[in-house]
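# Structural description and commentary
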Amino acid sequence: MRFTLIKKYIQFGKTIGINNNVPAKNNNKTNFDHDLKNYIVINNKIYYTGVRWECVEYVRRWLITVKHITFDNIPNAIDMFDNIVLRTLCDKRINHKSIMKKDIKKNFHLIEPGTLVIYDKQHYPITGHVAVVVDIDKINKLLYICEQNNPTNRWETSNYARKIDDNDLCLHGIILF
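Residues numbered from 1 in each chain as written. Predicted model: local features only at pLDDT ≥ 70, side-chain atom pairs only at ≥ 80, totals over all residues. Heavy atoms only, no water.

### Focus: the overall build of the protein
Looking only at helices and strands, the protein features three helices and 13 strands. Its C-alpha atoms give the protein principal-axis dimensions of about 60 × 40 × 30 Å. Burial analysis of the protein (177 residues in total) assigns 50% to the buried set. Excluding contacts between residues fewer than 6 apart, the proportion of contacts in the protein whose partners are at least 24 apart in sequence is 52%. If you sum the accessible surface of the protein, you get close to 10,000 Å²; carbon and sulfur atoms cover 51% of it. (Helix = DSSP H or I, 4+ residues; strand = E, 2+ residues; numbered from the N terminus. Buried < 20%, exposed > 50% of the residue type's maximum accessible area, 1.4 Å probe, protein only. Contact = heavy atoms within 4.5 Å. Areas by Shrake-Rupley, 256 points an atom, 1.4 Å probe, with all protein chains shown as cover.)

Laid out in structure tokens, this is it:
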């Protein structure tokens, strides 16, 4: 008997998962438009979150909603590693530390929810990719991450998109703050 995997089509903008009341949306590249900007309102103030429904947009929206911080605009996810400027919603600059892939193992104990995971351009051409850590299994060295725009199917569970470990070949590094 032969089995065929059928990937169910998910409509552009449809929710694929939710963490901390922050929904991740499907970014179906066939309908993609760089002019689709997204904003959210927190305490009667409007915040730009990014281009719908890119990975950077989800991370910024999650950080604004959950941690009450944001970051300056950047061209692509990969640029976050060297050029990110984090700020509170009151515009106070936040110090951060970028850690290369080769140093993640010895700094694993520093990772906490909100840590940003940056993926390289080799596996994600041109732009790279970014996700946010939402939970950590320190015993098994697993990171539970939330993301959108990779993959475009539903998350593994209702709380996170997938689990990764510190050996993930696509990792460029992490950003702690």
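### Looking at the sheet that holds strand β9 (residues 116–119)
Strand order in this open sheet of six strands is β8-β13-β9-β10-β11-β12, and the pairing throughout is antiparallel. In this open sheet, the two strands that pair with only one neighbour each are β8 (97–100) and β12 (162–165). Pairwise comparison of adjacent strand axes, ignoring direction, gives a mean angle of 35° for this sheet. Sheet topology note: the strand β11 (residues 142–146)/β12 ladder contains four bridges and is antiparallel. (Pairing = 2+ DSSP bridges. Axes fitted to C-alpha atoms, helices over the stretch in contact; angles between N-to-C directions.)

### Thoughts on the sheet that holds strand β7 (residues 93–94)
Spatial ordering of the open sheet is given by β5-β6-β7, a layout of three strands whose pairing is antiparallel. Because the sheet does not close on itself, it has two edges, and the strands there are β5 (69–71) and β7. The pairing of β5 with strand β6 (residues 86–88) spans three bridges and is antiparallel. Pairing of Ile-69 across the sheet is with Thr-88, part of β6.

### Considering the confidence of the model for the protein
With 90% of its residues at a pLDDT of 70 or more, the protein shows a mean pLDDT of 89. Per-residue pLDDT, averaged within each element of the protein, yields its smallest value for helix α3 (residues 104–107) (91) and its largest for helix α1 (residues 55–67) (97). Within the model, the stretch residues 1–7 combines pLDDT values under 50 with two contacts to residues more than four positions away or in other chains. (pLDDT = per-residue confidence, 0-100.)

### Quick word on the environment of Val-117
As for its placement among the helices and strands, Val-117 is situated in strand β9. Given the relative accessible area of 0%, Val-117 is considered buried. A sequence separation of 95 residues divides Val-117 from Val-22, and the C-alpha atoms of the two residues are 18 Å apart. In this view, Val-117 contacts His-129, Val-130, Ala-131, Val-133, Leu-143, Ile-145, Ile-164, Leu-171, Gly-173 and Ile-174; residues no more than four positions away in its chain are not counted.

### Considering the nonpolar core
Counting 31 residues, the largest nonpolar core has Val-56, Tyr-58, Phe-71, Met-80, Leu-116, Val-130 and Val-132 as the members making the most contacts within it. The element that contributes the greatest number of residues to this core is α1, accounting for six residues. When sequence neighbours within four positions are dropped, the list of residues in contact with Met-80 reads Val-56, Phe-71, Ile-74, Leu-116, Ile-118, Val-130 and Ile-175. One finds Ile-111, Tyr-124, Ile-145 and Ile-174 within the second-largest nonpolar core, a separate group that totals 17 residues. (Core = buried A, V, L, I, M, F, W, Y, C linked by side-chain atoms within 4.5 Å.)

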